[in-house]
Amino acid sequence: MGREVAESCIDGVIIEMVSAYCNRFYGSKPELAARRIEAIGYQVGHQLIERYTMERPRFSDHLEAIKFICKDFWSELFKKHIDNLKTNHRGTFVLQDNKFRWLTRVSIDPSSENLEASQDSPVLTPEHKVEVTSMHLYFPCGIIRGALSNLGIPCAVSADISNLPACKLHLDFGDNKNFPPRMLPE
Amino acid sequence: MIASVAVVGHQNNPLYLQSFTEADDALKLHHIVHCSLDVIDERVNNPKKSVLTLNESFLGLLYPTESYKVYGYLTNTKVKFLMVTTDLNVKDADVRSFFRRFHAAYVDAVSNPFHVPGKKIASRTFAKRMSGIVKGFSPGTNG
């Protein structure tokens, strides 16, 4: 049907986009870089959901739309299913993917400038790992947020990567208020 | 003969409005499209289970006047497609396949990264494709 692109090209574009926004465009303002990347993801999600819901009948309620995101949309984007879906039945959903495809190849460079020069064998702290990979998560969070908002369900999406390569996305539907995502500063 | 097609966003904002008649009654067609929006809202909020299933995208004949028939289609993203035709004996199947092609052209137009969601569709390719789809719609064939 459509033309195909190698997965490594997608990885390359995303890595370069994150690096360009963090290091070049908004080098001194990581919060702005994060917002820009999330906004790009929002537009992509917005447009993708049009294409992926084209063949389907309309959803009868929010729960069906979320199930669609977890199953069909997720497998179109990441070529695999979500491993776990939890909800507290009060407007929060947690999507867990045990091997998040876009993060499986992220390597932490031990010789980066963040570590002190005096250390001979730098120890990678978990905080450092989280810092490096969190920028890469704004884009997928934006995609999910854009997709849900185009289906008429505004929400806030934040990610939790305490144990890579597993990734948990928190969807927060609130009470008709658009809470800012937890990852971004106020 | 299709008189006009329209795409209306989920806040009832017009995204695309095109008439295909030579006569200068564009305003009348806009008015018909506008009135049909109310019918769509009614259909969606009070579904008549005997006529349509709750979740179908194709809404069918919205209302007939003596010279026009208006058909509607609602996507998952709450975007409405409307088609006004002067032909009085169109087959349901033809209209369905028309809307399928319409939807495909719309998705391609919206996937354009330069298109701002919520603003009017300004793509010339979309306009050309729509004219092609409208020309290809003829009630005798099952396209």
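Residues numbered from 1 in each chain as written. Chains lettered and ligands numbered in written order. Predicted model: local features only at pLDDT ≥ 70, side-chain atom pairs only at ≥ 80, totals over all residues. Heavy atoms only, no water.

So the rule is basically this: UniProt positions are given in the numbering used here, feature names are shortened, and annotations may be inferred rather than shown by experiment.
Named according to an unreviewed UniProt entry, chain B is Trafficking protein particle complex subunit 2-like protein originating from Canna indica. The UniProt entry for chain B carries the following text under Sequence similarities (unreviewed entry): "Belongs to the TRAPP small subunits family. Sedlin subfamily."

Identification of chain A as Trafficking protein particle complex subunit 6B from Canna indica is taken from an unreviewed UniProt entry. The heading Sequence similarities (unreviewed entry) in the UniProt record of chain A holds the text "Belongs to the TRAPP small subunits family. BET3 subfamily."

## Describing the packing of aromatic side chains
Residues and elements named next belong to chain B. What counts, and what does not: Ring pairs shown here join Phe, Tyr and Trp side chains whose ring centres sit within 6.5 Å, with only the six-membered ring taken for Trp; geometry is labelled stacked below 30 degrees between planes, edge-to-face above 60, and tilted in between. Segments assigned H or I by DSSP are reported as helices when at least four residues long, segments assigned E as strands when at least two residues long, and all are numbered from the N terminus. Each residue is placed in one exposure class: buried if its accessible area under a 1.4 Å probe, protein chains only, is under 20% of its type's maximum, exposed if it is over 50%, and partly exposed if it falls in between.
In this structure the tally under the stated criterion is 19 aromatic pairs over all chains. Ring centres of Phe 98 and Phe 137 lie 5.5 Å apart, and the angle between their planes is 65°; this geometry places the pair in the edge-to-face category. Of the two residues, Phe 98 sits in helix α2 (residues 92-110) while Phe 137 sits in the segment after α3 (124-136), which places them 39 residues apart along the sequence. By relative accessible area, which is 1% here, Phe 98 ends up buried. A connected cluster of aromatic rings, assembled from ring pairs, spans Tyr 73, Phe 81, Phe 98, Phe 99, Phe 102, Tyr 106 and Phe 137.

## What to know about the environment of His81(A)
Residues and elements named next belong to chain A. Going by this rule: Contacts between residues were defined by any pair of non-hydrogen atoms, one from each residue, lying within 4.5 Å.
Of note, His 81 is situated in the loop between α3 (62-78) and β1 (84-87). Sequence separation of His 81 and Asp 61 is 20 residues, and the distance between their C-alpha atoms is 21 Å. Apart from residues lying up to four places away in sequence, His 81 is in contact with Lys 71, Trp 74, Ser 75 and Asp 97.

## A look at the layout of surface pockets
Quick note on the threshold: Definitions used for this entry: grid spacing 1 Å over protein atoms alone; cavity, a set of points where a 1.4 Å probe fits but cannot get out; pocket, an open set with protein on both sides within 12 Å along at least 5 of 7 lines; lining residue, one with an atom within 4 Å of a point. Grid points are joined across faces, edges and corners, and a volume is the space filled by probe spheres set on the points. Side-chain classes follow a simple rule in which Ala, Val, Leu, Ile, Met, Phe, Trp, Tyr, Cys and Pro form the nonpolar group, Asp, Glu, Lys and Arg form the charged group, and the remainder, Gly included, forms the polar group.
Within this model, the largest pocket holds a volume of roughly 1,400 Å³. Lining the largest pocket are 30 residues, with Arg3(A), Val5(A), Ile10(A), Leu48(A) and Tyr52(A) positioned closest to its centre. Counting only elements with at least two residues in the lining of the largest pocket, the list comes to α1 (7-25), α2 (30-52), α3 and α4 (126-150) of chain A together with α2 of chain B. Counted by class, the lining of the largest pocket contains 17 nonpolar, 3 polar and 10 charged residues.

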